[in-house]
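# Summary of the model geometry
So you can see what is in the structure, the chains are spelled out below.
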Amino acid sequence: MELGSVLEFLENKTILVTGATGFLAKIFVEKILRVQPNVKKLYLLLRAADAKSATVRFHNEIIGKDLFRVLKEKNGTHLNALISEKITLVPGDITREDLGVKDSNLREEMWNKLDVVINLAATTNFDERYDVALDLNTFGAKHVLNFSKKCAKLNVLVHVSTAFVWGEESGMLYESSFKMGDTLNGASGLDIDVERKVVEQELNELQAEGASEEAITLAMKDLGIKRAKIYGWPNTYVFTKVMGEMFIEHLKENMSVAIVRPTIITSTYKEPFPGWAEGIRTIDSLALGYGKGRLTCFLGDVKGIVDVIPADMVVNAIFVAVVAHAKQPSDVNNIYQVGSSLRNPLIYNNLQNYAYRYFTKKPWINKDGKPVKVGKITVFHNMASFYRYMTVRYILPLKGLELANAAFCKYFQSKYNDLNRKINFVMRLVELYRPYLFFGGIFDDKNAEKLRLVARDNGVETDIFYFDPKCIDWEDYFINTHIPGIVKYAFK
């Protein structure tokens with residue numbers, strides 16, 4: 001593995017970023033423009049029908065975000081000129097061949113000029129419609145690879161996946177690849193083309209029955225989880241992501257490819273400023289529910305490890321992987337798991353404690369202008385005890401309230417709605433995140449650690465492109481950076 005200055009490598013390079021409106025993609029784009037404005041060109045692929053709608057999305061969903069404030073302060077009135085010179089918006093769709101780029105001149109231009117492709121396009125919803133997730137996460141990866149193969153001078157393709165392609169496996173989970181047809185439970189018969197046919201058949205049957213769009217969406221969500229569980233994966237997201245990896249590994253040939261597998265991604269640790277977040281991501285759902293007083297009980301292993309990694313560290317790992325694999329034939333050590341469970345584990349119980357301390361000191365103010373008082377949460381260590389508690393404490397009283405509400409002409413309607421909403425919120429969270437609440441895996445990061453060590457010893461600007469989880473003080477990060485960040489940017 002050869003490495004050198006990342007800044008020098010990026011100078012005068014032409015880069016395609018897919019999924020440009022996504023969380024990591026925005027951080028990636030901001031970082032390049034801020035630390036290496038001499039990059040030659042950034043092509044940003046956005047799902048859009050035409051150039052006009054792509055421009056609207058770029059201004060509303062990318063450059064208009066607070067994330068870019070440091071870049072705006074640095075460049076002042078010159079920012080628009082920098083964007084005009086360095087960024088080309090590409091209306092397209094990775095679910096289609098040639099990434100859905102209709103402009104043939106633009107396609108040819110990219111094929112002739114691209115040095116690097118970063119595939120960040122994905123849907124990360126655990127219970128996404130199966131047809132949507134299969135198109136984006138699985139066949140989207142295939143389309144990006146095929147597009148990259150047509151690039152005459154490409155140095156490297158970096159495909160961003162997830163460490164949770166390992167599903168509910170326990171023990172040490174290695175940076176190894178998945179081959180076509182591999183399954184987690186030993187079941188045979190996984191065929192990606194068959195999966196697409198299963199989706200098409202189900203859609204045709206639903207449409208023939210005259211099913212509503214709502215019914216079709218629900219059926220597609222159920223189908224994804226059902227198909228995932230047949231082969232040992234817990235949800236549609238990780239199942240479709242692992243099939244995307246299978247396509248990459250199977251079809252890459254001698255192309256230079258790196259796969260980056262982050263764990264649970266949290267707000268920025270340091271750059272462009274600490275605590276930037278967007279949307280509600282995995283563990284933030286718990287913080288949201290707790291801070292707003294909706295979450296008074298939950299279940300999980302309090303001594304278990306929650307593997308999280310700040311978003312800017314993931315992006316920095318992508319940059320270093322680009323340089324490490326540029327023009328290097330893809331080998332067995334091309335997968336990087338970027339997380340913290342091995343080198344700096346965060347304990348679930350500590351995470352709860354950080355949230356309690358933060359919201360006790362700085363309570364959320366509800367819509368009535370009153371502070372929400374939080375307390376210590378009741379944690380159950382198995383599903384049976386959790387369901388018993390929910391039945392006695394909430395579900396039976398809800399049934400009683402329902403009867404009283406009917407008898408008293410809906411006098412208790414607001415109380416009933418509030419309790420029902422709280423119960424549904426908790427039960428949905430439990431169902432979605434159950435596989436991870438008792439997760440017993442540790443993500444090996446031998447390749448990522450080697451990348452860090454080689455970077456440190458070979459001229460990489462590790463003060464700029466840092467991604468070592470050992471430097472994180474979790475207590476300080478969660479109480480002073482992450483929770484304030486999600487309260488500011490994600491709480492509604």
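These notes cover the structure that comes with them. Along each chain, numbering runs from 1 in the same order as the chain's sequence is written. In keeping with the model being predicted, local features are shown solely for residues with a pLDDT of at least 70 and side-chain atom pairs are shown and tallied solely at 80 or more, while totals for entire chains, interfaces and linings include all residues. For side-chain calculations, the full set of non-hydrogen atoms in the structure is used, while hydrogens and water are omitted.

## A closer look at the overall build of the protein chain
Helix numbers and strand numbers start at the N terminus; a helix is a DSSP run of H or I with at least 4 residues, a strand a run of E with at least 2. Broken down by element type, the protein chain carries 17 helices and 15 strands. Values of the radius of gyration come from C-alpha atoms, whereas the globule rule sets the reference at 2.2 Å times the count of residues to the power 0.38. Taken against the 2.2 N^0.38 rule, which gives 23 Å for 492 residues, the C-alpha radius of gyration of the protein chain at 23 Å falls within 12% of a compact globule. Projected onto its principal axes, the C-alpha positions of the protein chain cover 75 × 55 × 45 Å. Taken over 492 residues, the protein chain has a buried fraction of 57%. Whether two residues touch is decided by their heavy atoms; if any such pair falls within 4.5 Å, the residues are in contact. Long-range contacts, defined here as pairs at least 24 residues apart, represent 84% of the contacts in the protein chain between residues at least 6 apart. Each accessible area value is a Shrake-Rupley result obtained with a 1.4 Å probe; residue values ignore everything except the protein chains displayed when judging cover. Put simply, the protein chain shows about 21,500 Å² of open surface, and 51% of that area lies on carbon and sulfur atoms. Across the protein chain, the 63 positively charged side chains and the 58 negatively charged ones have centroids separated by 6 Å. Categorising residues by exposure relies on relative accessible area from a 1.4 Å probe, with only protein chains included: less than 20% of the type maximum marks a residue as buried, more than 50% marks it as exposed, and the intermediate range marks it as partly exposed. Here the positive residues are Lys and Arg and the negative ones are Asp and Glu; neither His nor the chain ends is included. Charged groups are reduced to one reference atom each: NZ for lysine, CZ for arginine, CG for aspartic acid, CD for glutamic acid.

## Quick word on unusual backbone geometry
Here the residue pair Glu271 and Pro272 is connected by a cis peptide bond, since its omega of -5° sits within 30 degrees of zero. Within the fold, Pro272 resides in the loop between β8 (264-266) and α11 (283-291). Non-glycine residue Asn12 carries a positive phi angle of around 70°. Locating Asn12 in the fold gives a position in the loop between α1 (6-10) and β1 (14-18). Notably, Asp98 is not glycine yet its phi reads approximately 55°, a positive angle. Mapping Asp98 onto the fold places it in the loop between β3 (87-92) and α6 (104-113).

## With respect to the pairing of strand β5 (residues 156-160)
Most of β5 sits inside the fold, with 5 of its 5 residues counted as buried. Taking every second residue as pointing to the same face, both faces of β5 are buried, with Val156, Val158 and Val160 on one and Leu157 and His159 on the other. Across 4 bridges, the pairing between strand β4 (residues 116-119) and β5 is parallel. Residue Asn119 lies in a different strand from β5, and its bridge partner there is His159. In the classification by handedness, the crossover that spans β4, the intervening helix α7 (residues 130-149) and the parallel β5 is right-handed. Strand direction decides the pairing type here: β5 and strand β7 (residues 257-262), joined by 4 bridges, are parallel. Its bridge partner lying in β7, His159 is registered against Ile259. Strands are labelled as partners when DSSP assigns at least two bridges between them. The definition of a right-handed crossover adopted here requires that, viewed with the strands pointing away, the path from the first strand over the helix to the second runs clockwise.

## Thoughts on the nonpolar core
Counting residues in each nonpolar core, the largest one holds 144 residues, and the members touching the most others are Ile15, Trp233, Ile318 and Phe478. Beyond its immediate sequence surroundings of up to four residues, Phe478 is in contact with Ile283, Val308, Leu346, Leu351, Tyr354, Ile483 and Pro484. One finds Leu114, Val144, Leu145 and Ile259 within the second-largest nonpolar core, a separate group that totals 26 residues. Here the nonpolar core consists of buried residues drawn from Ala, Val, Leu, Ile, Met, Phe, Trp, Tyr and Cys, with membership extended through side-chain atoms lying within 4.5 Å.

## Considering the side chain of Arg34
By secondary structure assignment, the location of Arg34 is in helix α2 (residues 23-35). A polar side-chain atom of Arg34 sits 3.1 Å from a polar atom in the side chain of Glu271. Each polar contact in these results corresponds to two N or O atoms within 3.5 Å; when the atoms are within protein, one needs to be able to donate a hydrogen and the other to accept it, and residues that are neighboring in sequence are counted only if both atoms are side-chain atoms.

## Comments concerning the environment of Glu200
Note on placement: Glu200 falls in helix α8 (residues 192-208). Looking at Glu200, the relative accessible area reads 41%, which means it is partly exposed. Counting along the chain gives 69 residues from Glu200 to Asp131, while the straight-line C-alpha distance between them is 8.2 Å.

## What about the packing of aromatic side chains?
Given two aromatic rings, one states the distance between the centres and the angle between the planes to describe the pair. Here a pair means two rings of Phe, Tyr or Trp (six-membered ring of Trp) with centres within 6.5 Å. Their orientation is stacked below 30 degrees between planes, edge-to-face above 60, and tilted elsewhere. Applying the stated criterion across every chain yields a total of 27 aromatic pairs. Ring geometry for Phe359 versus Phe491: centroids 6.1 Å apart, planes at 10°, classification stacked. Taken together, the positions of Phe359 in helix α13 (residues 348-361) and Phe491 in the segment after α17 (474-489) put the pair 132 residues apart, joining distant regions of the chain. Each member of the pair, Phe359 as well as Phe491, is classed as buried. On the basis of an interplanar angle of 80° and a centroid distance of 5.2 Å, the ring pair of Tyr477 and Phe478 is categorised as edge-to-face. The pair Tyr477 / Phe478 is uniform in exposure class, with both members buried. Whether a charge lies above a ring is judged from NZ of Lys or CZ of Arg, which has to be within 6 Å of the ring centre and within 35 degrees of the ring normal. Between Arg196 and the ring centre of Phe139, over which it is positioned, the NZ or CZ distance is 3.7 Å. For Lys270, the ring lying beneath its charged end belongs to Tyr466, and the centroid distance is 4.3 Å.

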